[in-house]
Amino acid sequence: MERVARIAGHVAPSGAATGLRPQSASSATSPILATLKGKISALMKEQVALKNDLLKNHGDTKIQDVTVEMAINGARSMKTMVTDTSDLHEVNGISYRGMSLYEVNKKLPKAPGGSCALPEAAFWLLLTGEVPTDLETRAFTDELHRRSSVPANVMATLKSVPIETHPMTQLSMCMLALQKDSKFSAAYDAGMKKSEYWEYALEDALDLVAKIPVVAAAIYRRTFKDGPGPAYDTTMDWAANYANMLGVNDGEEFKEVTRLYLMLHADHEGGNVSAHTSHLVGSALSDPYYAWAAGLCGLAGPLHGLANQECLGWLLQVQKDLKGQTPTKELLTQYAEDTLAAGKVIPGFGHAVLRNTDPRYILEREFALKHCQNDPLFQLVDACYQAIPELLGKKGKVKNPFPNVDAHSGQLMHFYNLKEENYYTVVFAVSRAIGVMAQTVWARAIGLPIERPKSVPLDTLKKLATK
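Conventions we followed
Residues numbered from 1 in each chain as written. Predicted model: local features only at pLDDT ≥ 70, side-chain atom pairs only at ≥ 80, totals over all residues. Heavy atoms only, no water. Pairing = 2+ DSSP bridges. Helix = DSSP H or I, 4+ residues; strand = E, 2+ residues; numbered from the N terminus. Salt bridge = Lys/Arg side-chain N within 4 Å of Asp/Glu carboxyl O. Axes fitted to C-alpha atoms, helices over the stretch in contact; angles between N-to-C directions. Parallel < 35°, antiparallel > 145°, perpendicular 65-115°, else oblique. Contact = heavy atoms within 4.5 Å. Core = buried A, V, L, I, M, F, W, Y, C linked by side-chain atoms within 4.5 Å. Buried < 20%, exposed > 50% of the residue type's maximum accessible area, 1.4 Å probe, protein only. 1 Å grid on protein atoms, 1.4 Å probe; cavity = no way out; pocket = protein on both sides within 12 Å on 5 of 7 lines; lining within 4 Å. Points joined across faces, edges and corners; volume = space filled by probe spheres on them.

A.B. asks: Provide a residue-level description of the sheet that holds strand 3 (residues 86-89), including the pertinent values.
C.D. replies: Within the open sheet, the three strands sit side by side as 3-4-5. Their pairing is antiparallel. In the strand order of this sheet, the two ends are held by strand 3 and strand 5 (99-100), each with one partner. Bridge count for strand 4 (residues 93-96) against strand 5 is two bridges, and the pairing is antiparallel. Bridged to Ser95 within strand 5 is Ser100.

A.B. asks: For the pattern of salt bridges, give the residues involved together with the corresponding values.
C.D. replies: Applying the stated criterion to the full structure yields 22 salt bridges. The salt bridge partner of Lys183 is Glu203, with a shortest N-O separation of 3.4 Å. Here the residue Lys183 occupies a position in helix 8 (residues 183-189), and Glu203 occupies one in helix 9 (residues 197-224), the gap between them amounting to 20 residues. If you follow the salt bridges from partner to partner, you end up with Lys37, Glu143, Arg146, Arg147, Lys183, Glu199, Glu203 and Asp207 in one network.

A.B. asks: Please provide a residue-by-residue account of the packing of helix 4 (residues 119-128) against helix 5 (residues 134-146), values included.
C.D. replies: It is at 9 Å that the axes of helix 4 and helix 5 come closest, and there the two elements cross at 100°. On the basis of the axis angle, helix 4 is roughly perpendicular to helix 5. Contact residues: helix 4 offers Glu120, Ala121, Phe123, Trp124 and Leu127, while helix 5 offers Glu136, Thr137, Phe140, Thr141 and Leu144.

A.B. asks: Any chance you could break down the nonpolar core for me, citing the residues and the numbers?
C.D. replies: Of all hydrophobic cores here, the largest spans 123 residues; its most connected members are Tyr96, Leu171, Tyr242 and Trp292. Listed in part, the six residues of the second largest apolar core include Phe184, Met192, Tyr200 and Ala201.

A.B. asks: A description of empty space enclosed by the protein should follow, citing residues and the corresponding values.
C.D. replies: All told, the structure shown has five cavities of 30 Å³ or more when counted by the stated rule. Estimates place the volume of the largest cavity at around 110 Å³. Lining the largest cavity, in full, are Tyr242, Leu246, Phe254, Val257, Thr258, Tyr261, Glu364, Ser409, Leu412, Met413, Leu418 and Val427. Broken down by element, the lining of the largest cavity gets its largest block of residues, four residues, from helix 11 (residues 252-264).

The following block contains the structure:
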């Protein structure tokens, strides 16, 4: 087995990269990268032709009326973006390139003996629109391993930050530190053609996705543990290697649940805060590192990426309040009644778009039923699943009383000994980097312009509304 240095030492020499224009995107290309670019190029021709036809022949066609509420309440449900990689249906949930997450988890390649789809296979699907073969997936994993060394300046930046700094702040800073070696930025400064934008965006996207687990694991080890953890291991798949570097559980089940989590959270169409922020910043032709660093700042917000840890915190408080009682549907119904009567919310139930149980929740529930159904915290999650949707539905106060993925994922992390709640959003970020980077590549591939919506003062909105 080939094993490289421990996490903190898995770095490239500080002088390895230069500010000069990188090699042509077509030179020194590995076979799997040539295959990947070929598939993207073929799909790109179709998508660009479709975009041009829509602009030429249907540019003035109205597809939605904008209401005053949409303008005031965060552009909710306004169809004003293009995101080809994924979509969010109110009943069926997220689809990756037209495939439901159930299909994705079933059809994508898996680790030997595993049952959870590999996240890097999902990355390939989002980039190409095709399910990769086992051979393509293994080669793609190797390509990510080849790009995984983190420059010394990035680790030096990380070491300079107090360990009390929030893990998401540390991650954002490291993404900006990586920007020094952006191939997109160097090529743009050297005068690349517009037709080359997507290739250099792809180079940065692959580099970023390859390096972010190494940085994220280093952040975990320095913040919550005693320093460097297990070695980076090129014999493992992308997700298993990340799970292993965390050093909290060396079992195969933890690697499997990490694969599942990172695949399920990879993409969520373009309207959520982190994806939209990255899209907006990238539309100015800021390179992928700038774009994702900005997206991470949005992901760190309590109304976006922190939902996972807030749900776990709520579950642990309920468990404490029950004082050892076995959680039942009846007990949780009463607890939820009391919570609502006190004017408090129950986190993890409901979704801005979904009007059904989140498929991501169901897939995590199936994993838990198979691997940890006797966990007391899962039994609490299960009792909530039986009690709370029915209660919220009867009260009629919410459009979707069903659980979303955040109601479950914290329990799985906690069960496998990843218990530091402030780190959960970093795990989310490692996963979401896949989708956001795929979106970034495709925004450059089909030539989406700089994003510039029009805003109006409230008094103008009043005049428009009453005209």
